[in-house]
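Spelled out, the chains give:
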Amino acid sequence: MPSRSAPTTAHLAALAETYGTPLWVYDLRVVDTALATVRAAIPDATLAFAVKANASGAVLRHLAIRGVGAEAITIGELARSLRAGIDPARVVVGGPAQDEALRALAREARVARVSLDSRSQWRDWCDEPDGWPQGTLAFVRVNPGLDPRTHEHMAVGKADSKFGLTPDEALALAREVASSGALAGFHVHAGSQLTDPSVHEGVLATLAPLYDALPQARELDLGGGFALPGYPLERLGALTDAWVRPRGLRLWLEPGRALVAAAGTLLTRVLHVKEGPRRHLIADAGMADLVRPALYGAEHPIHPVTVAGRVVGDDEALEALDVPTDVDGPLCENADRLGRDVRLPALASGDLLAVGLAGAYGLGMGSHYASHTHAAEVVIDAHGAAHLARRRQPLDALWADEVDAEAERTPA
Ligand code: LLP
């Protein structure tokens, strides 16, 4: 079985003892490595982290200190980014909705950029009493109408997706925005989990006539979407260099997964082992924690941290049993699964598993399905020390917001 990256198995086992399971562990040293990789490949880009990938305050504060901005599509994401100290000068507000509350906070915070996904969004901004916010510039989001060759749910650059405007409509809107002096340029996020930079070649080919037609467009936002592992960022660097430099454009990128996925591990304990022609390991984490396997058929690496109670060595070669094995969650449907046909050794109840590449789209997509409460989050800092970043959700969080109709009917 392939070996895991940091943190060590001994450290993970100790964290599970201290904080219980399921447990999210984010190693900020790995975030730094990922950030350095992106910056080395595309040094000139302004990075706006896609907050939806991981909205944990500890992660956002870490990125803020390192000069990373944010891409925020809800008032919650924007509020969290600002609270974490992310510089509004590096914030892009986007998304297909942009309601009044989001606009109000974006205006108050003086965010640098807004990506317009429709003409009606532009109207909504301009129709407010203060008009288009002074000092904010707009991207116009283009739907490139191509096949980004990824899971259907993430293929947002396809012509039939709800995102962006056709190139012709985008040019028309951009001309209008430019005439009021508010245009930054065009924005394309072609999809997520992209592995092939030729998708971005296609995007740039679609954008070329728009930039030729509109010299007021001085910036380009190419979104995010870089698969991990798999996207050759250095090729994107070469591609954007050759494109952006001669045109003198400022480049923005909105990586989410590429910055945080490798840093995250979901620790889960095996509660029961069910032997048979297919072995089922019933774990204490499942689709309510990490929905990606259920929703996208995503495959996350799963490694044992302990085998029959013994902490395994980091580079220890373990012999996998020759039995098809599923790592299943604690809830009541087949989709509640963390891994299918996983190669694992003979595990016992109480053993710990580390689900890897789990730092992106984990807790943020988690749910309270079957009244499951959110797991705790721990971060490992630059010195290798672990800190609790979010406590395990207490049971009463499940009903804290409920209104007790009975009590309302009966006056005290
Ligand atoms: N920019 C925009 C406008 C986006 O919509 C997204 C992601 C990103 C940037 C960041 O994409 P990334 O670099 O993380 O691929 N829940 C799915 C991913 C959905 C991504 C949605 N938009 C998953 O778990 O894989």
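Fair warning: this is a prediction, and the values are worked out from it, not measured in the lab.

Visitor: Quick question: what am I supposed to make of the side chain of Asp328 here?
Guide: Relative to the assigned elements, Asp328 resides in strand S15 (residues 325–328). Among the residues examined, Asp328 registers a relative accessible area of 9% and is labelled buried. Of note is the side chain of Asp328, whose polar atom sits 2.7 Å from the side chain of His280.

Visitor: I keep staring at the pairing of strand S2 (residues 46–50) and nothing clicks. Help me out?
Guide: A regular strand carries its side chains on alternate faces of the sheet. Burial within S2 is extensive, with 5 of its 5 residues counted as buried. Across the two faces of S2 the burial is the same, with Thr46, Ala48 and Ala50 and Leu47 and Phe49 all buried. One ladder, built from 3 bridges, connects S2 with strand S3 (residues 69–72); its direction is parallel. Bridge pairing in S3 places Ala50 opposite Glu71. In terms of handedness, the path from S2 via helix H3 (residues 57–65) over to S3 forms a crossover that is right-handed.

Visitor: Help me out: how do you make sense of the nonpolar core in this one?
Guide: Burial of nonpolar side chains together is a common tendency in soluble globular proteins. In terms of nonpolar packing, the biggest core is built from 104 residues, with Leu78, Phe186, Leu207, Leu220, Leu253 and Val327 touching the most fellow members. The leading source of residues in this core is helix H8 (residues 198–213), at 7 residues. When we break this core down by domain, the ones giving at least three residues each are domain 1 (9–24 + 261–394) and domain 2 (31–257). Listed in part, the 13 residues of the second largest apolar core include Ala13, Val305, Leu352 and Ala354.

Visitor: Just to check I follow, could you spell out the site of the ligand for this structure?
Guide: The immediate surroundings of the ligand are formed by 18 residues, with Ser192, Glu254, Arg292, Tyr296 and Tyr361 found nearest. The contact in question runs from an oxygen atom of the ligand to an N or O atom on the side chain of Tyr361, over 2.6 Å. Within the complex, the protein chains bury 91% of what would otherwise be the 580 Å² of accessible surface of the ligand. Put simply, the ligand lies in the largest pocket. By residue class, the composition of the shell around the ligand is 7 nonpolar, 5 polar and 6 charged. Built from parts of two domains, the shell around the ligand gets at least three residues from each of domain 1 (9–24 + 261–394) and domain 2 (31–257).

Visitor: Explanation requested: the packing of helix H2 (residues 28–41) against helix H9 (residues 233–247) in the structure shown.
Guide: For any two helices packed against each other, one specifies the inter-axial angle together with the distance between the axes. Two numbers describe how H2 lies on H9: the axes approach to 8 Å, and their chain directions differ by 30°. The angle between the axes of H2 and H9 places the two elements in the roughly parallel class. Once H2 is placed against H9, the crossing between them reads as right-handed. Of H9, the residues touching H2 (which contributes Thr37, Val38 and Ala41) are Leu233, Glu234 and Gly237. For the contact of H2 with H9, the per-class residue count stands at 3 nonpolar, 2 polar and 1 charged.

Visitor: Is there a simple way to explain the pattern of salt bridges in this structure?
Guide: Between side chains of opposite charge, a pair can form when the charged atoms approach closely. In the structure shown here, the tally under the stated rule is 19 salt bridges. Here Asp87 and Arg90 are joined by a salt bridge, their closest N and O atoms 3.8 Å apart. Several salt bridges share partner residues, and in doing so they unite Arg103, Arg107, Asp124 and Glu128 into one network.

Visitor: Would you mind showing me how to read the sheet that holds strand S5 (residues 113–116) here?
Guide: Pairing between the strands of a sheet is mediated by backbone hydrogen bonds and can be parallel or antiparallel. Ordered by their spatial adjacency, 8 strands build a closed barrel running S2-S3-S4-S5-S6-S7-S8-S9, and the pairing between neighbours is parallel. Across the sheet, the mean angle from the axis of one strand to that of its neighbour is 25°, orientation sign disregarded. Sheet analysis places S2 next to strand S9 (residues 250–253), joined by 2 bridges and oriented parallel. Across the sheet, the residue bridging to Thr46 is Trp252, located in S9. Across the sheet, helix H4 (residues 75–83) is in contact with S3 and strand S4 (91–93); its angle to S3 comes to roughly 165°.

Visitor: Mind showing me how you'd approach the domain arrangement of the protein here?
Guide: Quoted interface sizes are often the accessible area lost when the parts come together. One can read the domain layout of the protein as domain 1 (9–24 + 261–394) and domain 2 (31–257). For domain 1 and domain 2, the distance between their C-alpha centroids amounts to 33 Å. Residue-level contacts link 15 residues of domain 1 with 14 residues of domain 2. Interface area, domain 1 with domain 2, both sides summed: about 1200 Å², of which 59% is carbon and sulfur. For the interface between domain 1 and domain 2, the tally reads 0 salt bridges. Our count for the contact surface shared by domain 1 and domain 2 stands at 4 residue pairs in polar contact (both at pLDDT 80 or more). Those elements that place two or more of their residues in the side of domain 1 that touches domain 2 are helix H11 (292–296), strand S18 (376–380) and strand S19 (386–390). Considering each element in turn, the side of domain 1 that touches domain 2 owes the most residues, 3 residues, to H11. When the residues that make up the side of domain 1 that touches domain 2 are grouped by side-chain class, the tally is 10 nonpolar, 2 polar and 3 charged.

Visitor: Explain the packing of aromatic side chains to me, please; I cannot follow it from the model alone.
Guide: The relation between two aromatic rings is expressed through the spacing of the ring centres and the mutual angle of the planes. Across all of its chains, the model carries 6 aromatic pairs by this definition. Considering the side-chain rings of Phe186 and Tyr211, the 5.3 Å spacing of their centres and the 75° angle between planes classify their relative orientation as edge-to-face. One end of the pair, Phe186, is in strand S7 (residues 183–187); the other, Tyr211, is in helix H8, with 25 residues separating them in the sequence. Residue Phe186 is classed as buried on the basis of its relative accessible area of 0%. Tyr211 sits in the buried class, given a relative accessible area of 7%. Joined through ring pairs, the aromatic side chains of Trp122, Trp125 and Trp132 make up one cluster. Over the face of the ring belonging to Trp243 we find Arg247, whose NZ or CZ atom lies 3.7 Å from the ring centre.

So, how was this worked out
- Residues numbered from 1 in each chain as written.
- Predicted model: local features only at pLDDT ≥ 70, side-chain atom pairs only at ≥ 80, totals over all residues.
- Heavy atoms only, no water.
- Helix = DSSP H or I, 4+ residues; strand = E, 2+ residues; numbered from the N terminus.
- Buried < 20%, exposed > 50% of the residue type's maximum accessible area, 1.4 Å probe, protein only.
- Polar contact = N/O pair within 3.5 Å; in protein donor to acceptor, adjacent residues only side chain to side chain.
- Pairing = 2+ DSSP bridges.
- Right-handed = clockwise from strand over helix to strand, strands pointing away.
- Core = buried A, V, L, I, M, F, W, Y, C linked by side-chain atoms within 4.5 Å.
- Domains from an automatic or database assignment.
- Near = heavy atom within 4 Å.
- Areas by Shrake-Rupley, 256 points an atom, 1.4 Å probe, with all protein chains shown as cover.
- 1 Å grid on protein atoms, 1.4 Å probe; cavity = no way out; pocket = protein on both sides within 12 Å on 5 of 7 lines; lining within 4 Å.
- Sits in = over half its atoms within 2 Å of the grid points.
- Nonpolar A, V, L, I, M, F, W, Y, C, P; charged D, E, K, R; others polar.
- Axes fitted to C-alpha atoms, helices over the stretch in contact; angles between N-to-C directions.
- Parallel < 35°, antiparallel > 145°, perpendicular 65-115°, else oblique.
- Left-handed = near helix turned anticlockwise from the far one by under 90°.
- Contact = heavy atoms within 4.5 Å.
- Salt bridge = Lys/Arg side-chain N within 4 Å of Asp/Glu carboxyl O.
- Buried area = accessible area lost by both parts, 1.4 Å probe.
- Phe/Tyr/Trp six-rings, centres within 6.5 Å; stacked < 30°, edge-to-face > 60°.
- Lys NZ or Arg CZ within 6 Å of the ring centre and 35° of its normal.

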